[in-house]
Amino acid sequence: MKVERVVVVGAGMAGMHTVRTFREKGFEGEITLLGAEQHAPYDRPPLSKAVLRYRGADAIDDVSELAFAFDFEQAGVTLRFGERAAAWAPGAVTTAAGERLPYDALVVATGSEPVRLGFGETLRTYEDALRLRAAVGAGRALAIVGAGWIGAEVATAARAAGCAVVVHEAREHPLAAVFPPQVGAAMADWYRQAGADLRCSDPVTGPPPAAGHVLVAVGARPDTRWLGAAFHRARDGSLLTSEHLETNVPGVYAAGDVAAYRSLRYGGEHIRVEHWDNALRGPDTVVANVLEGVGAEVHDPVPYFWSEQFGRMVQYIGRHGATDRMVVRGRLSDPTWSVVWLDTLHRATAVLAVGRPRDLAQGRRLVGAGSVLDAARVADPGTPLVGATM
Ligand SMILES: Cc1cc2nc3c(=O)[nH]c(=O)nc-3n(C[C@H](O)[C@H](O)[C@H](O)COP(=O)(O)OP(=O)(O)OC[C@H]3O[C@@H](n4cnc5c(N)ncnc54)[C@H](O)[C@@H]3O)c2cc1C
């Protein structure tokens, strides 16, 4: 079927990049971009970094400062901001206001919504960040529930602003779902060095006592409920897609946080990557498969993300398994270090680099190629990672 009408639901990173890529690849049909937020698409990572940290003359006081540079009008894109898709039926999406938007190809890019606990605030939107910034200052108190990526970044900004910070973490160390205890212990030290009171093994079931402002940062769920029962989903609600990012419903694709895609790199397992780089890359695959036919392109980047916490640039590339061997480069108490994971065949599966961007850049190549590394040379921080290949 010739595709003449494209509807993209969700005006975040993935939605924005989908629209841009359709036009860059010469698609001349109708494109409608539907977004629940009132704003043109903007970049979310600065919400827990620059927006909270910069104050006074440097303060980010207009969401347009975070917007992606793209001229929607010139690109002939119909924009529907402040409107939510509420239902799906074959060939059409219906908005919350009851309007039917027919499509030939539909791209679902509705991202994630924060998990809520029934108290406290969450951080996902620009408005959330402004509220948090106003609540966090010298002489104030902030309780953060969850020592994950966002918890750590907000703790960083709050401490820099002179705010008293208590962090309640249910698990035994920060990021316990991702990293082993040695790495978690090093990260826990960062909180303490910054003067944040990190309380691990401290699950919170109600508002923390004597807290000031409360931020709940315990993860996010894919925003897919509006789609109804026709779609195959993973247990967390994300949409199961093929390696081409097509859902089980022909002509309906998913990109960004919302997709659990079949990864050929990881043995055909469906993986969900809730990070910026994945939301940037998925749209290229979607657009190629819509315009050139399903099968034209496969989505399978080596997963990557970064975080800026407690004055450190933290970057991770790849995906390590529970049985992979962890090799530390340097000491975890040093200002900079890396950790490399090797599988049983000594192939690099992942690199975590703290303040060592060169390790990350080289690790990207090595993990991507599944290079076999010599653990003793990996452990020497003076040897470039690429020099550890066998
Ligand atoms: C505070 C914060 C900091 C982050 N920092 C980092 C970082 O440092 N590094 C990193 O790699 N990643 C980071 N991330 C993650 C990264 O921002 C996300 O992975 C990325 O935004 C995902 O893009 P997306 O387009 O899939 O979803 P989103 O950015 O969530 O966009 C989805 C959009 O769809 C809209 N929507 C939802 N439902 C509907 C509906 N029914 N109808 C219409 N519109 C709808 C939403 O309102 C939203 O605007 C951060 C995220 C947050 C919240």
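Every chain is numbered independently, its residues counted from 1 as its sequence is written. Two thresholds apply to this predicted model, a pLDDT of at least 70 for residue-level local features and 80 or more for giving and counting side-chain atom pairs, whereas whole-chain, interface and lining totals are computed over all residues. To obtain the side-chain values, all non-hydrogen atoms of the structure were used and water was disregarded.

A. Highlighting the pairing of strand 19 (residues 312-318). Per-residue accessibility, obtained with a 1.4 Å probe over protein chains only, is compared with the maximum for each type, and a residue is labelled buried under 20%, exposed over 50%, and partly exposed between these values. Each helix corresponds to a stretch of at least 4 residues labelled H or I by DSSP, and each strand to a stretch of at least 2 residues labelled E; elements are numbered beginning at the N terminus. Counting buried residues along strand 19, six of its seven residues qualify, which places the element largely inside the surrounding structure. Here, strands pair whenever DSSP counts at least two bridges between them. Bridge analysis of strand 18 (residues 304-309) against strand 19 gives six bridges, and the strand direction is antiparallel. Within strand 19, the position partnered with Phe305 by the bridge is Tyr316. Turn length for the strand 18-strand 19 hairpin, with the two strands adjacent in sequence and antiparallel, is two residues, and the turn residue Phe310 shows positive phi of about 50 degrees.

B. Structural context of the site of the ligand. Note on definitions. A residue lies near a molecule or strand when any single heavy atom of the residue is within 4 Å of it. Taken together, 36 residues lie near the ligand, and Glu37, Arg44, Lys49, Arg124 and Asp257 sit nearest. Pairs of N or O atoms are called polar contacts if they sit within 3.5 Å, as long as, within protein, a hydrogen donor faces a hydrogen acceptor (for residues adjacent in sequence, only side-chain-to-side-chain pairs). Residue Asp257 places a side-chain N or O atom 2.8 Å away from an oxygen atom belonging to the ligand. Within the backbone of Trp306, a nitrogen or oxygen atom sits 3.0 Å from a nitrogen atom of the ligand. Coverage of the ligand by the protein chains reaches 95% of its 1000 Å² of free accessible surface. Contributions of two or more residues to the shell around the ligand are made by helix 1 (13-24), strand 2 (30-35), helix 4 (149-160), helix 6 (276-292) and strand 18. Amino acid classes used here: Ala, Val, Leu, Ile, Met, Phe, Trp, Tyr, Cys and Pro are nonpolar; Asp, Glu, Lys and Arg are charged; the rest, including Gly, are polar. When grouped by side-chain class, the residues that make up the shell around the ligand number 17 nonpolar, nine polar and 10 charged. With residues, only the protein chains shown are counted as cover, and all accessible areas are computed by Shrake-Rupley using a 1.4 Å probe.

C. How the structure looks around helix 6. Here helix 6 is 17 residues long and its end C-alpha atoms lie 25 Å apart, about the 24 Å a rise of 1.5 Å per residue gives. The set of residues buried in helix 6 consists of Asp277, Asn278, Ala279, Gly282, Pro283, Thr285, Val286, Val287, Ala288, Asn289 and Val290. In this description, contact between two residues means that some pair of their heavy atoms is separated by no more than 4.5 Å. Each element contacted by the buried residues of helix 6 is listed here: helix 1, strand 7 (105-108), strand 15 (252-254), strand 16 (259-263) and strand 18. Gly293 lies just past helix 6 and shows a positive phi near 105 degrees. Expected helix span is computed as 1.5 Å times (number of residues minus one).

D. Just the environment of Ser112, in detail. Counting through the fold element by element, Ser112 comes out in strand 8 (residues 112-114). The exposure class assigned to Ser112 is buried, which follows from its relative accessible area of 7%. C-alpha separation for the pair Ser112 and Thr32, spaced 80 residues apart in sequence, amounts to 21 Å. Every residue in contact with Ser112, bar those within four places of it in the chain, is listed here: Arg124, Ala220, Arg221, Pro222, Asp223, Asp257, Arg272 and Glu274.

E. Focus on the sheet that holds strand 10 (residues 164-168). In spatial order, the strands read 11-10-9-12; together these four strands make up an open sheet with parallel pairing. Either end of the sheet is taken by a strand with one partner, and the two such strands are strand 11 (197-199) and strand 12 (213-216). In this sheet, adjacent strand axes meet at a mean angle of 15 degrees when their direction is disregarded. As defined by bridge partners, strand 9 (residues 141-145) adjoins strand 10 across five bridges and the pair is classed as parallel. Following the sheet pairing, Ala143 is matched in strand 10 by Val166. All axes here are fitted lines through C-alpha atoms, helices being fitted over the stretch that makes contact, and every angle between N-to-C directions spans 0 to 180 degrees.

Bear in mind that shape data such as this cannot, by itself, settle questions of function.
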